[in-house]
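Breakdown of the fold
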Amino acid sequence: MSERYGYILLTDEKWWNRRYSQNKAGKKLQAFVRKGTVGPKNAELVFFYVKHPVKEIRGFGEFVERVKGHVDELWDKYGHETVFESRKEYVDFVQGRTKATFIRFKNLRLLSTPISLNVISQVVGIGRMPRGGRYINKEMARELI
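What you are looking at is a predicted structure, and each value in this text was computed from that prediction instead of being measured.

**A short note on the pattern of salt bridges**
Within this structure, the stated rule accounts for 11 salt bridges. Between E56 and R58 there is a salt bridge, with the nearest N and O atoms lying 2.7 Å from each other. Residue class for R58 comes out buried when judged on its relative accessible area of 12%. Two residues, E65 and R104, come together in a salt bridge whose shortest N-O distance is 2.5 Å. Here E65 is found in strand β4 (residues 56-70), whereas its partner R104 is found in strand β5 (residues 99-116), with 39 residues between them in sequence. One connected set of salt bridges, linked through shared partners, spans E13, E56 and R58.

**Focus on the packing of aromatic side chains**
Under the criterion given, the structure shown has 13 aromatic pairs. Between F32 and F48, the ring centres sit 6.0 Å apart and the planes meet at 50°, which makes this aromatic pair tilted. One end of the pair, F32, is in strand β2 (residues 29-35); the other, F48, is in strand β3 (residues 45-50), with 16 residues separating them in the sequence. Each member of the pair F32 and F48 is classed as buried.

Cut-offs applied
- In this convention, every chain numbers its residues from 1, walking through the sequence in written order.
- Note on the predicted model: pLDDT of at least 70 is required for a residue's local features to be given, and 80 or more for side-chain atom pairs to be given and counted; whole-chain, interface and lining totals, by contrast, use all residues.
- Heavy atoms from the whole structure form the basis of all side-chain values; hydrogens and water molecules are not counted.
- Here, a salt bridge means any side-chain nitrogen of Lys or Arg that lies within 4 Å of a carboxyl oxygen of Asp or Glu.
- Relative accessibility decides the category of a residue: with a 1.4 Å probe and only protein chains considered, values under 20% of the type maximum give buried, values over 50% give exposed, and everything between is partly exposed.
- What counts as a helix is a DSSP run of H or I of at least four residues, what counts as a strand is a run of E of at least two, and both are numbered from the N terminus.
- Pairing of aromatic side chains here covers Phe, Tyr and the six-membered ring of Trp, requires ring centres within 6.5 Å, and sorts the geometry by plane angle: under 30 degrees stacked, over 60 edge-to-face, intermediate tilted.

Here is the structure:
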């Protein structure tokens with residue numbers, strides 16, 4: 001069984017709401033932006049954990065690829081896939097960093113019932129979600145879906 005089947009990404013509610021609105025509007029391919037060069041190298045699914053105050057997984061999508069590089073080059077190539085409404089908003093988000101990571105995914109799906117941190121803790125075996133995210137195996141992913 002693959003230990004790196006899924007990856008849980010942490011996001012703010014503001015970005016989740018915008019991401020889901022774009023999905024409802026028909027945007028099938030999207031990019032999740034991470035500051036620096038971190039993120040899953042490989043996975044089948046990415047899960048979106050909305051941080052404080054809700055602390056729950058709201059949806060998931062199919063992992064396409066992780067692309068890392070210079071913030072300007074990534075914006076020029078994939079900026080249209082992000083939740084940012086302008087280059088300025090993106091630049092403000094990366095806070096002066098020169099490197100970033102775009103985690104590209106497709107087919108975002110909303111969970112009919114969000115998964116609370118209590119349930120995540122039982123399935124994944126953690127008490128608190130790591131800031132950098134977390135890989136999960138196929139069995140855990142199936143339990144969460």
